[in-house]
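Chain by chain, the residues run as shown.
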Amino acid sequence: MLATLGALILMAGLGTDPDRLADIGPAPEVRLTDQHGKTFDLASLRDKVVVVSFVYTTCYGTCPATTQALGRVRKALAAEGLWGEKVEFVSISLDPEKDTPAVLAEYAKLQGAESEHWHFLTGPPETVRKVLGAWDMWARRTPEGALDHPSRIFLVDPKGRQREIYSLEFLRPPTVLDDVRAVLDDRDRR
């Protein structure tokens, strides 16, 4: 079973170097409000690797599982001296009507997410919907009131290019750590 979209692209012969991740395209713009109530622009993290996820705080399924998996990835990155200096995380709310900055700050605290380099973002619902659409993400309310949404986590290189898309199943520290190293090595070779 293939672990990632990048592996599929390479196997299809679209990549020329099996040691490098595919260049999927530019990461969409993100200008929202972080958990501290400050304006955040994804472009401010150029020169760093960024892992972008999508969650909502009242989710009882994939969202806390994604945040916890990212917490394990963060620990692996920190052990390698990459966290903060070379890698940061961005988690964008799928439910901006409920996920205010204060709610996101509490969620981050409850999940043990280090807040200096892990940005939980929200904003006006229409603005968030545009951001979600730009990332080819969506969220639909079920009859029970929960949100149905895909689970995708994006790896963005220091130049702001999407280089990998993970599902929760393949969001494992060794995999992400190898991919982070690959995009950092790619940056250093150029």
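Residues numbered from 1 in each chain as written. Predicted model: local features only at pLDDT ≥ 70, side-chain atom pairs only at ≥ 80, totals over all residues. Heavy atoms only, no water.

Caption draft 1: Focus on the sheet that holds strand β9 (residues 153–156). Pairing in this open sheet of eight strands is mixed, and the strands run β1-β10-β9-β4-β5-β6-β2-β3 from one edge to the other. Either end of the sheet is taken by a strand with one partner, and the two such strands are β1 (25–26) and β3 (39–41). When strand β4 (residues 49–55) meets strand β5 (residues 87–93), the two strands line up parallel, connected through seven bridges. The residue of β5 that forms the bridge with Ser53 is Ser91. (Pairing = 2+ DSSP bridges. Helix = DSSP H or I, 4+ residues; strand = E, 2+ residues; numbered from the N terminus.)

Caption draft 2: Inspection of the nonpolar core at higher detail. Grouped together as the largest cluster of nonpolar side chains are 51 residues, with contacts concentrated most on Ile92 and Trp135. Contributions of two or more residues to this core are made by β4, α2 (62–79), β5, α3 (101–111), β6 (118–122), α4 (125–134), β9 and α5 (173–189). If sequence neighbours within four positions are ignored, Ile92 has contacts with Val30, Leu32, Val52, Ser53, Phe54, Val55, Leu121, Val131 and Leu132. (Core = buried A, V, L, I, M, F, W, Y, C linked by side-chain atoms within 4.5 Å. Buried < 20%, exposed > 50% of the residue type's maximum accessible area, 1.4 Å probe, protein only. Contact = heavy atoms within 4.5 Å.)

Caption draft 3: Here's a closer look at α4. What α4 keeps buried is the set Val128, Val131 and Leu132. Buried positions in α4, seen along its axis, are confined to an arc of 100° and lie on one side of it. Each element contacted by the buried residues of α4 is listed here: β2 (31–34), β4, β5 and β6. Looking one or two places after α4, you find Asp136, whose phi comes out positive at around 60°. (Arc of directions from axis to C-beta.)

Caption draft 4: How the structure looks around the packing of aromatic side chains. With the rule as written, the count across this model stands at seven aromatic pairs. Among the aromatic residues, those joined into a cluster by ring pairs are Trp83, Phe89, Tyr107, Trp118 and Phe120. A cation over an aromatic ring shows up here: Arg140 above the ring of Trp138, its NZ or CZ 4.0 Å from the ring centre. (Phe/Tyr/Trp six-rings, centres within 6.5 Å; stacked < 30°, edge-to-face > 60°. Lys NZ or Arg CZ within 6 Å of the ring centre and 35° of its normal.)

Caption draft 5: Molecular detail of unusual backbone geometry. Residue Asp47 is not a glycine yet carries a positive backbone phi of 80°. Counting through the fold element by element, Asp47 comes out in the loop between β3 and β4. Classification of Asp47 by relative accessible area gives exposed; the value is 56%. The phi dihedral of Asp136 falls on the positive side, at around 60°, and the residue is not glycine. Of note, Asp136 is situated in the loop between α4 and β7 (140–141). The exposure class assigned to Asp136 is exposed, which follows from its relative accessible area of 56%.

Caption draft 6: How the structure looks around the pairing of β9. A two-sided burial pattern is seen for β9, the buried positions comprising Ile153 and Leu155 on one face and Phe154 and Val156 on the other. As paired strands, β4 and β9 are joined by three bridges and run antiparallel to one another. Bridge pairing in β9 links Val52 to Phe154. Inspection of the sheet shows β9 paired to strand β10 (residues 161–166) by four bridges, in the antiparallel sense. Opposite Ile153, over in β10, you have Tyr166 as the bridge partner.

Treat this as a map of the structure, not an account of what it does.
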